[in-house]
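# Remarks on the overall topology
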Amino acid sequence: MSVTTDLTPSADRSVPEPRAVLTLLKPITWFPPMWAYLCGAVSAGVAPSGHWFTLFIGVILAGPIVCGMSQAANDWCDRHVDAINEPDRPIPSGRIPGRWGLWIALAMSGLAAVLGMALGPWGFGATLVAIAAAWAYSAEPVRLKRSGLWGPGLVGLSYESLPWFTGAAVLAAGAPSWPVIIVALLYGVGAHGIMTLNDFKALEGDRQMGVNSLPVTLGPERAAKLACVVMAVPQLVVFALLYMVWDRPWHGLAIAVSLIAQLYAMQVLLRDPKGRAPWYNGVGVTLYVSGMMVTAFAVRSLEAWP
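Residues numbered from 1 in each chain as written. Predicted model: local features only at pLDDT ≥ 70, side-chain atom pairs only at ≥ 80, totals over all residues. Heavy atoms only, no water.

## A few points about the packing of helix α3 (residues 52-77) against helix α6 (residues 100-116)
- Closest axis-to-axis distance for the α3/α6 pair is 8 Å, and the angle between their directions is 155°. One way to sum up the angle between α3 and α6 is to call them roughly antiparallel. The interaxial crossing formed by α3 with α6 has left-handed handedness. In contact with Ile-57, Leu-61, Pro-64, Ile-65, Val-66, Gly-68, Met-69, Ala-72, Ala-73 and Trp-76 of α3, α6 contributes Gly-101, Leu-102, Ile-104, Ala-105, Met-108, Ser-109, Leu-111, Ala-112, Leu-115 and Gly-116.
- In the contact of α3 with α6, the residues fall into 16 nonpolar, four polar and no charged. (Axes fitted to C-alpha atoms, helices over the stretch in contact; angles between N-to-C directions. Helix = DSSP H or I, 4+ residues; strand = E, 2+ residues; numbered from the N terminus. Parallel < 35°, antiparallel > 145°, perpendicular 65-115°, else oblique. Left-handed = near helix turned anticlockwise from the far one by under 90°. Contact = heavy atoms within 4.5 Å. Nonpolar A, V, L, I, M, F, W, Y, C, P; charged D, E, K, R; others polar.)

## Observations concerning the nonpolar core
- Formed by 81 residues in total, the largest nonpolar core has its most connected members in Trp-135, Trp-164 and Met-292.
- Of all the elements, α3 adds the most residues to this core, at 13 residues.
- Setting aside residues up to four positions removed in sequence, Met-292 forms contacts with Trp-35, Ala-36, Cys-39, Glu-160, Trp-164 and Tyr-187. (Core = buried A, V, L, I, M, F, W, Y, C linked by side-chain atoms within 4.5 Å. Buried < 20%, exposed > 50% of the residue type's maximum accessible area, 1.4 Å probe, protein only.)

## Concerning the pattern of salt bridges
- The final tally for this structure, using the stated rule, is six salt bridges.
- Of the charged contacts in the structure, one is a salt bridge between Arg-89 and Asp-75, with a shortest N-O distance of 2.7 Å. With Arg-89 in the loop between α4 (79-85) and α5 (90-93) and Asp-75 in helix α3, this residue pair connects regions lying 14 residues apart in the sequence.
- The exposure class assigned to Arg-89 is buried, which follows from its relative accessible area of 11%.
- Among the salt bridges present, the one from Glu-140 reaches Arg-146, with a minimum N-O distance of 2.8 Å.
- For Glu-140, a relative accessible area of 31% puts it in the partly exposed group.
- Shared partners join several salt bridges into a network, and the residues in it are Asp-78, Glu-140, Arg-143, Lys-145 and Arg-146. (Salt bridge = Lys/Arg side-chain N within 4 Å of Asp/Glu carboxyl O.)

## Topic: the environment of Trp-250
- Assignment of secondary structure puts Trp-250 in helix α13 (residues 249-271).
- Each C-alpha atom of the pair Trp-250 and Ala-298 lies 9.0 Å from the other, and the pair is 48 residues apart in sequence.

## Some details on the side chain of Ser-109
- In this fold, Ser-109 is placed in helix α6.
- Judged by relative accessible area, which is 9%, Ser-109 ranks as buried.
- At 3.1 Å, the side chain of Ser-109 forms a polar contact with the side chain of Trp-135.
- In contact with Ser-109, not counting residues within four places along its chain, are Met-69, Ile-131 and Trp-135. (Polar contact = N/O pair within 3.5 Å; in protein donor to acceptor, adjacent residues only side chain to side chain.)

What follows is the structure, encoded as structure tokens:
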């Protein structure tokens, strides 16, 4: 896996600015995997007493460490794209000079693996999978982010399904029940649409650098419509399972209300997909992740299915 082929822009600095390092790790992106880990812990149906250390380590690992590492790796591998889209970002601007971006990502990968061992075999295995996924997404020769299908899919599963599964497995000290696995996968699949909307901000740079995101290959309008369908369908399946299969009608109705609100927000998004994508990421995604926690409480008492 080659990650050091090209040199970053020259800079007067020899060490990174501390504030630039925090910017590199993008704290705003830590919330989804941290929240998903907590959803997994809730869905396990295990009382939190006696597991507070595991919960704390898992949340920190999912957010600042693993997600932060993935952001550093992505920025390093995307430094030439960022020089077009966002030249003021830490690496292209020179505030993180030389190969410091790479060293930070590698050091955090090692730290993540060490901390993952504190979560037992399930947590450690999931941490290794998350590290591999982060590098597979960003780094050559794999660089799955070049694909508008596989890239967002991998991120969605890594941000939602994997931490959800991990939180449930660590607290239960074993494989989660099938309802937990099913809803974790469904919300991870739906997150593909969220990741597609996130690609709108890099549209011009992706086009120039050969990154075939869906906004590039389909155009903003068609990509936004597809993203809305991908976000909505898994939630519709969750509603059907809760309401009609798992006998959780009130939880199912809560998911339905959330989905209806999202559909109204999607109408606003589709009027101006590129301009409204950041707005939808604040409004629609909040509704989406709220439904995740509702679902976690719904399945926590389901022992097995079918």
